[in-house]
Amino acid sequence: MTSSAVSDREARPLYTAADAAEATRENLGAPGEFPYTRGIHASGYGGKLWTMRQFSGFGTPAETNRRYHELLRAGGTGLSVAFDLPTLMGRDPDHPLSLGEVGKCGVSVASLADMETLLEGLPLDTITTSMTINSPAAMIFAMYLVVAEQRGAAWAKLSGTIQNDILKEYIAQKEYIYPPRPSMRLVTDVFGFCADNVPRWNTISVSGYHIREAGATALQELAFTLRDGIEYVQYGVDAGLPVDRFVPRISFFFNAHNDFFEEIAKYRAARALWAAVIRERFGARDERSWKLRFHSQTAGVSLTAQQPYNNVVRTALQALAAVLGGTNSLHTNSLDEALALPTSEAALLALRTQQVIAHESGVTDVVDPFGGSYYVERLTADLQDGAREYFAAIDRFGGMVEAIEQGYPQREIADSAYRSQQAVEAGEQTIVGVNRYTDDAAADIPILQIDEQVERDQVARVAGLRKRRDAAAAQRTLDALRRAAEGSANLMPFILDAVRAYATVGEMCDALRDVWGEYEETPGV
Amino acid sequence: MARPIRVVIAKPGLDGHDRGAKVIARALRDAGMEVIYTGLRQTPEQIVEVALQEDADVIGLSILSGAHNHICPRLVSLLREKGLGDVLVVVGGIIPDADVPQLEALGISGVFQPGTPMQAISRFIESRVQRGASAAT
């Protein structure tokens, strides 16, 4: 018996036909057929490759806009915006808590003026744009919609994704602002607004990525993410939305980690679980509601600062697992990301890695090539069983919001993270260049430096905006937003009005802070 | 009999990635230290206040966002103002090599980059705190 410390799973050295027979006793279905274990498209990647969507953003909107044009020229097929911490936390660049953080981990977007610059020259009606934004998702999305409106791009034609997944913030990433219940209202308001106005937009990207990065096993990532998905559907239904009207626009986001076969099985299990739960638990009739579509990103946490070129190899293997598992969209990490945000050269190599897999390896020629594998089918079934046990445990709390309030998923993940670190230190889990095959050579690679001038520029820009705009008009829209939050109307139209009046992210978020307060978790180790 | 080493583990700045902070907090606790974890988004002022209240020997900061060059100088100067200049300050996280000498010159005793074993950190703290104690007597 060997044990995989990544997953806490015991793997046997041999799997046989008996494993596969037991695992596939329920109909696997053909690719493109319920329960979509083998993929949501009958032709796999034959019809369309996955979207090569490199997550990127740093410094000022103008700098990031240049990087987007570079990525598209290099053959990237979608955009993915990384925002800085002040933006993610709903704080303007000139707020005291933003000190030292502006433009560091992503691009600083404080108002519609910044969004206009960020999207300069990009064809909004033909590209798809993903935006990693959660607590202030509705505000940032509204800015994107208003820029489209200014340019005459019809909302009905826009396609893209906002992450908008607040539950995993409480569980793992911890970029929350408000308490869970009002936050869930913002999420379902976006569901309802998009069903009527932006029908091709992915209203949420239910994310296991951050849950995994925080230390979860593959099983925990799968189970908590899908259970989050169930929670969103339940809240949508409770808000009066018909299931088949909003569930087709729910998308997912998974990690692509080291354990190659387990990752492939995880994606297959995710599709089968979602199809079943949406049909059985919620009675969805539209097959688009049953199909789980997902983005994946290679595991940032697996990158090492030591011997950084090894990261290129890790990333390639992880990306290959995502492709073999049928990912619909993929981000590959850059070799330097254990040290800093990626340089332009490192980001290009990461994109090239996807292109080599897509066009040279031949793996896209056959649909679900591991279908029927004794081992992969067994793993796919075992992960589904394990996830259903977690679903039941979370149902016993009353739901995911209640489980989060009790700290349950947070504790499970922290326990796994600690066990994983202990396994590395005991030498039970090998990390090449860190606890085996080490050398003393310094990691001499170029590092992206964010100029401290960025923060001063963004502070000046937001100050200039406040002077330039019609202050009374901005204030009126903020007051209206605050009043609307006290009632139960859909908040999106109020947020759009505030965005059009050039209210800032910080001002809009403050208006809601006034009504809902802020969430603080009880620190636990 | 010496009391256990008291460590305040803190997450300053806006970043919420707390995996490292929580793992090291458990590891130091398992190594016999008393650990106080502040939770997220603590200002340097709040961290120094906790260190004062808890009579801490060590402050461990976890910073992954690139804001270390703003947070560390503020924390060190506040510690000096409050007469806590002898508290050992260590930092872990995504800290580029180029920034390490500057942090050390500031008075940060240990900078632990990704991949550092937990044991190395607890041994470092044990050696520095004991040496500090014996030098004082």
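Residues numbered from 1 in each chain as written. Chains lettered and ligands numbered in written order. Predicted model: local features only at pLDDT ≥ 70, side-chain atom pairs only at ≥ 80, totals over all residues. Heavy atoms only, no water.

Asks: Quick question: what am I supposed to make of the overall build of chain A here?
Replies: Check the secondary structure of chain A and you find 21 helices and 11 strands. Its C-alpha atoms give chain A a radius of gyration of 22 Å, near enough to 24 Å, the size a compact globule of 525 residues would have. Seen along its three principal axes, the alpha-carbon backbone of chain A occupies a region of about 70 × 60 × 45 Å. Put simply, 78% of the contacts in chain A that link residues at least 6 apart link residues at least 24 apart. Roughly 19,400 Å² of accessible area belongs to chain A as shown, and the carbon and sulfur atoms make up 52% of that amount. Computed over 50 positive and 68 negative side-chain charges, the inter-centroid distance for chain A is 5 Å. (Helix = DSSP H or I, 4+ residues; strand = E, 2+ residues; numbered from the N terminus. Rg over C-alpha atoms; globule rule 2.2 N^0.38 Å. Contact = heavy atoms within 4.5 Å. Areas by Shrake-Rupley, 256 points an atom, 1.4 Å probe, with all protein chains shown as cover. Lys, Arg positive; Asp, Glu negative; His and termini not counted. Charge placed at Lys NZ, Arg CZ, Asp CG, Glu CD.)

Asks: What's the story with the confidence of the model for chain A in this structure? I'm lost.
Replies: Any region with low pLDDT has predicted coordinates that should not be read closely. Confidence in the prediction of chain A, expressed as mean pLDDT, is 95, and 98% of residues score 70 or more. Every residue in residues 1-6 of chain A scores below 50 in pLDDT, and together they form 16 contacts with partners more than four places removed in sequence or on other chains. (pLDDT = per-residue confidence, 0-100.)

Asks: Is there a simple way to explain the pairing of strand β5 (residues 129-132) of chain A in this structure?
Replies: The side chains of a regular strand alternate between the sheet's two faces. All names here are of chain A. A two-sided burial pattern is seen for β5, the buried positions comprising Thr129 and Met131 on one face and Ser130 and Thr132 on the other. Of the strand pairs in this sheet, strand β4 (residues 78-82) and β5 are connected by 4 bridges, and their pairing is parallel. Bridging across to β5, Val81 finds its partner in Met131. Bridging between β5 and strand β6 (residues 160-162) involves 3 bridges; their strand directions are parallel. (Buried < 20%, exposed > 50% of the residue type's maximum accessible area, 1.4 Å probe, protein only. Pairing = 2+ DSSP bridges.)

Asks: How should I be thinking about helix α3 (residues 68-81) of chain B in this particular structure?
Replies: Note on helix geometry: an α-helix contains 3.6 residues per turn, so any two residues three or four positions apart are oriented the same way. Residue and element names in this part refer to chain B. The end-to-end C-alpha distance of α3, which contains 14 residues, comes to 20 Å, matching closely the 20 Å that a straight helix rising 1.5 Å per residue would cover. Along α3, the residues classified as buried are His68, Ile71, Cys72, Leu75, Val76, Leu78 and Leu79. Buried residues of α3, seen end-on, are gathered within an arc of 165 degrees and therefore sit on one face of the element. In α3, the exposed residues that point more than 90 degrees away from the buried face are Arg80 and Glu81. On its buried face, α3 sits against α2 (44-53), β3 (58-63), β4 (88-93) and α4 (100-106). Immediately downstream of α3, the backbone of Gly83 shows phi near 75 degrees, a positive value. (Expected span 1.5 Å × (residues − 1). Arc of directions from axis to C-beta.)

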